[in-house]
Amino acid sequence: MEMNASYTSFVAVGDSFTEGMSDLLPDGSYRGWADLLAARLAAREPGFRYANLAVRGKLIGQIAEDQAPVAASMGADVVTLVGGLNDALRPKVDMGRVRGHLEEAVGLLAPTCKTLVLMRSPGRNGPVMDRFRPRMEELFGVIEELAARHGALVVDLYGAGVLADPRMWDVDRLHLTAEGHRRVAEAVWQTLGLPPEQDWRAELPAAVPPGWAVRRSQDLSFARQHLLPWVGRRLTGRSSGDGRPAKRPELLPYAAAMGERLS
């Protein structure tokens, strides 16, 4: 991509990762990498427009059915599609169906935008995530294949060691911190061919790991507050996004899309 690339509109499609959890703002809403990227693109382009259709907890079939057609109709310069990881993290999953839904969404979006961006999502180091790594890597293989077939860009967040660092993850161990989202925004920015502002892959400073008692306390708190409710939703087919509308459902001028919050 050329460093003088110009983008006048951006539509983000996906789940909680693209909605912005857990980059929490003082008003209780979430910001996240897509909002951060939109702010930077808007600063370069007068009249820039932005929409974020992401809803937490959505599976790739729901994204393909509910979000992709809406995004395709908007005809944006840039569309980002991140999905499938919620499927891969379920107790049981048909990866063939995941592939089919991804093919459907990518096939619909690629012809309708100037640049389609896909991602190999980051994965936190730890035993819970390690259990699902084979599925994740199978998913990422599909993403690479579809990107090559449709001329999409791929942001390799999974291959960046710093984004596996537990310090980049919120206490729920499922969502990035504000610093993690900032780095993802920079990674997408650079993938779009825009001038880099920092090394988003730079490792964090070395830190003394917490002692055994602190780790056990953290593990118990995590299991009680986050892991057990998460497992319960998956076993019962419920989602944290049930009934929740898209984050920013219309492709609007940036200030209107953001309600002037980040202006």
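Refer to the preceding data block for the structure.
Model, not experiment: these values are computed from the prediction. (Residues numbered from 1 in each chain as written. Predicted model: local features only at pLDDT ≥ 70, side-chain atom pairs only at ≥ 80, totals over all residues. Heavy atoms only, no water.)

Participant: Describe the overall build of the protein chain, listing the residues and the values that go with them.
Facilitator: Helix and strand counts for the protein chain stand at 9 helices and 6 strands. Scored against the burial criterion, the 263 residues of the protein chain give a buried share of 51%. For the protein chain, the proportion of contacts with a sequence separation of at least 24, taken over those separated by at least 6, is 77%. Put simply, the protein chain shows about 12,000 Å² of open surface, and 55% of that area lies on carbon and sulfur atoms. (Helix = DSSP H or I, 4+ residues; strand = E, 2+ residues; numbered from the N terminus. Buried < 20%, exposed > 50% of the residue type's maximum accessible area, 1.4 Å probe, protein only. Contact = heavy atoms within 4.5 Å. Areas by Shrake-Rupley, 256 points an atom, 1.4 Å probe, with all protein chains shown as cover.)

Participant: Just give me the short version of the sheet that holds strand 4 (residues 115–120), but keep the residues and values in it.
Facilitator: Pairing in this open sheet of 6 strands is mixed, and the strands run 5-4-3-1-2-6 from one edge to the other. Only two strands of the sheet have a single neighbouring strand rather than two, namely strand 5 (153–156) and strand 6 (248–253). Between one strand axis and the next, the sheet turns through 15 degrees on average, direction left out of account. In this structure, strand 1 (residues 9–14) lies alongside strand 2 (residues 49–52), joined through 4 bridges in parallel fashion. Bridging from a neighbouring strand, Ser9 pairs with Arg49 of strand 2. Along the sheet, helix 3 (residues 60–74) contacts strand 1, strand 2, strand 3 (78–82) and strand 6; its crossing angle with strand 1, the most-contacted strand, is approximately 175 degrees. (Pairing = 2+ DSSP bridges. Axes fitted to C-alpha atoms, helices over the stretch in contact; angles between N-to-C directions.)

Participant: So what's going on with the pairing of strand 2? Residues and values would help.
Facilitator: Along a regular strand, successive side chains alternate from one face of the sheet to the other. Here 3 bridges tie strand 2 to strand 6, and the two strands are oriented antiparallel to one another. Paired with Tyr50 across the bridge in strand 6 is Leu252.

Participant: I'd love a proper account of unusual backbone geometry, names of residues and values included.
Facilitator: Of the consecutive residues Met21 and Ser22, the connecting peptide bond is found in the cis state with omega at 5 degrees. Positionally, Ser22 belongs in the loop between helix 1 (16–19) and helix 2 (33–44).

Participant: Lay out helix 5 (residues 95–109) in plain terms, naming residues and giving numbers.
Facilitator: For helix 5, which comprises 15 residues, the first-to-last C-alpha distance of 21 Å matches the rise-based estimate of 21 Å (1.5 Å per residue) to within 8%. Those residues of helix 5 not exposed but buried are Met95, Val98, Leu102, Ala105, Val106 and Leu109. Buried residues of helix 5, seen end-on, are gathered within an arc of 95 degrees and therefore sit on one face of the element. Its side-chain oxygen 2.9 Å from the backbone nitrogen of Gly96, Asp94 forms the N-cap of helix 5. (Expected span 1.5 Å × (residues − 1). Arc of directions from axis to C-beta. Polar contact = N/O pair within 3.5 Å; in protein donor to acceptor, adjacent residues only side chain to side chain.)

Participant: Could you give me a rundown of the pairing of strand 3, with the residues and numbers involved?
Facilitator: Taken across its 5 residues, strand 3 has 5 buried, putting it largely inside the fold. Neither face of strand 3 is left uncovered, since the one carrying Val78, Thr80 and Val82 and the one carrying Val79 and Leu81 both have all their residues buried. Two elements, strand 1 and strand 3, share 5 bridges in a ladder whose sense is parallel. Note on strand 3: the bridge partner recorded for Phe10 is Val78. In this structure, strand 3 lies alongside strand 4, joined through 4 bridges in parallel fashion.

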